[in-house]
Amino acid sequence: ARQAADELRPQLIRWGKEYYENDQPSVPDAEYDQVYNQLVKLEEQFPNIVTSDSPTQQVGGNVDSDFTKVKHPIPMLSLGDVFSKEELNNFIERLQKEYPEDQEFNCELKIDGLSISLRYENGILVQGSTRGNGKIGEDITKNIKMIPSIPQKLTRPINIEVRGECYMSKTEFLKLNERRQIDGKTTFANPRNAAAGSLRQLDPKVTAERHLSTFMYNVADYSDLQATTQSGMLKELKELGFTVDEDFQVAYTIDEINQYVDKYQQQRNDLSYGIDGIVIKTNSLPLQMKIGHTVKVPKWAIAYKFSP
Ligand SMILES: COc1nc2nc(N)nc(N)c2nc1C
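Throughout what follows, the structure given in this document is the object of discussion. Here the structure is a predicted model, which is why all the values come from computation and not from measurement.

Cut-offs used in this document
- Residues numbered from 1 in each chain as written.
- Predicted model: local features only at pLDDT ≥ 70, side-chain atom pairs only at ≥ 80, totals over all residues.
- Heavy atoms only, no water.
- Pairing = 2+ DSSP bridges.
- Helix = DSSP H or I, 4+ residues; strand = E, 2+ residues; numbered from the N terminus.
- Contact = heavy atoms within 4.5 Å.
- Axes fitted to C-alpha atoms, helices over the stretch in contact; angles between N-to-C directions.
- Salt bridge = Lys/Arg side-chain N within 4 Å of Asp/Glu carboxyl O.
- Buried < 20%, exposed > 50% of the residue type's maximum accessible area, 1.4 Å probe, protein only.
- Expected span 1.5 Å × (residues − 1).
- Arc of directions from axis to C-beta.
- Phe/Tyr/Trp six-rings, centres within 6.5 Å; stacked < 30°, edge-to-face > 60°.

### Remarks on the sheet that holds strand E10 (residues 275-282)
Reasoning step 1: Sheet architecture is open: five strands sit in the order E2-E11-E10-E3-E9, paired in mixed fashion. Pairing within the sheet leaves two strands with one partner each, and these edge strands are strand E2 (81-82) and strand E9 (249-251).
Reasoning step 2: In this sheet, strand E11 (residues 301-305) lies alongside E10 in antiparallel orientation, the contact comprising five bridges. Paired with Lys281 across the bridge in E11 is Ala301.
Reasoning step 3: Running over the sheet, helix H3 (residues 85-98) touches E2, strand E3 (105-111), E10 and E11 and is turned about 170° from E11.
Reasoning step 4: Against the sheet, helix H9 (residues 254-267) touches E3, E9, E10 and E11, its axis set at about 20° to E3.

Set out below in structure tokens:
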């Protein structure tokens, strides 16, 4: 097992660097996920083979030296993921076994973009950053200001840190790659890499011409919000001026969750942007706080990943 893990780890670290730092991965996400989960299972079986540099011990991503660094006051976590309905059901059942009061879930589309964090003081946008390694991100404030869907000023003068996904629509992606082909440049493998490459630009003018979009879905510090549920928080973010993916839906049973998953598994190709799965979250915000998170992921949320 140790020998197997010693082979998997460096490969995942190399792939991780390609994906997070150069936005040009050499393998499809599904292959990375599959090898990553092999390592997770090995480490679960033989905990003593876990090393501190193992990709399972840190949120992916690094910080490019060209950008000013930003320390996230509240770490930006990633999400645990499952790849089958059976695993999804197990996750929900385990959660409800530990927290019987957890009977209401918010189902959301998992946009295939890159995570960003936006900080507002008295309702004014003061900083935008990438997730980086979860604790330290890159300051991309100048680029963030070039994205039309990101409000420079909120409808209420509050202090808030909002997290979400920056993505490129399928049509923008195709147009960009066509242009790059004509200019004899390399093309992007998928919209996620195109969005990452466009956002992590040193020249904000380049970001401006890439027509990026955003959906905000989480709040790091929601002390100034009235909402007490995830679904209510999304509505409040919309009122504040953010763009929110309106496809979210509250579910009260595992069947309703599965119906939502099936619905968007079918509609996936008709959406104007790429999604790589569904995120199911405990809807009660106080309960989210009570359930908490591991060093890497919230324990009140799970990502159901679509097979490619
Ligand atoms: C609570 O943390 C998260 N929530 C999310 N929600 C949606 N809808 N999509 C995501 N990609 C996402 N990612 C993270 C880390």
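### What about the environment of Leu114?
Reasoning step 1: Within the element layout of this structure, Leu114 appears in strand E4 (residues 114-121).
Reasoning step 2: Sequence separation of Leu114 and Gly137 is 23 residues, and the distance between their C-alpha atoms is 12 Å.
Reasoning step 3: Apart from residues no more than four positions distant in its own chain, Leu114 is found in contact with Gly164, Glu165, Cys166, Arg192, Ala195, Ala196, Leu199 and Arg200.

### Let's talk about the pattern of salt bridges
Reasoning step 1: The full count for this structure, using the stated rule, is 14 salt bridges.
Reasoning step 2: Put simply, Lys281 and Glu108 hold a salt bridge, and the shortest N to O gap is 2.9 Å. Residue Lys281 is found in strand E10, and its partner Glu108 is found in strand E3; the two are separated by 173 residues along the sequence.
Reasoning step 3: Assessed through its relative accessible area of 5%, Lys281 is described here as buried.

### Quick notes on H3
Reasoning step 1: Between the first and last C-alpha of H3 there are 20 Å, a value that for 14 residues agrees with the 20 Å anticipated at 1.5 Å per step.
Reasoning step 2: Listed in full, the buried residues belonging to H3 are Leu88, Phe91, Ile92 and Leu95. The arc enclosing the buried residues of H3, seen along the axis, measures out at 90°, which places them on a common side. With respect to the buried face of H3, the exposed residues turned more than 90 degrees away are Glu86, Glu93, Arg94 and Lys97.
Reasoning step 3: Taken together, the buried residues of H3 touch E2, E3, H9, E10, helix H10 (285-291) and E11.

### Side note on the packing of aromatic side chains
Reasoning step 1: This model, assessed by the stated rule, comprises seven aromatic pairs.
Reasoning step 2: Consider the rings of Tyr167 and Tyr273, whose centres lie 5.4 Å apart with planes at 55°: the pair is tilted. One end of the pair, Tyr167, is in strand E7 (residues 160-167); the other, Tyr273, is in the loop between H9 and E10, with 106 residues separating them in the sequence.
Reasoning step 3: What makes Tyr167 buried here is its relative accessible area of 8%.
Reasoning step 4: Relative accessible area serves as the criterion here: at 7%, Tyr273 is assigned to the buried category.
Reasoning step 5: For the pair Tyr260 and Tyr264, a centre-to-centre distance of 4.8 Å together with 50° between the ring planes defines the contact as tilted. Taken together, the positions of Tyr260 and Tyr264, both in helix H9 and four residues apart, correspond to about one turn of that helix. Judged on exposure class, the residue Tyr260 and its partner Tyr264 are both buried.
Reasoning step 6: An aromatic cluster is present here, built from Tyr167, Phe215 and Tyr273 joined pairwise through their rings.

### Let's talk about the environment of Ile147
Reasoning step 1: Tracing the sequence through the fold places Ile147 in the loop between helix H4 (141-144) and E7.
Reasoning step 2: Setting aside its immediate chain neighbours within four residues, Ile147 contacts Cys166, Leu199, Leu212 and Thr214.

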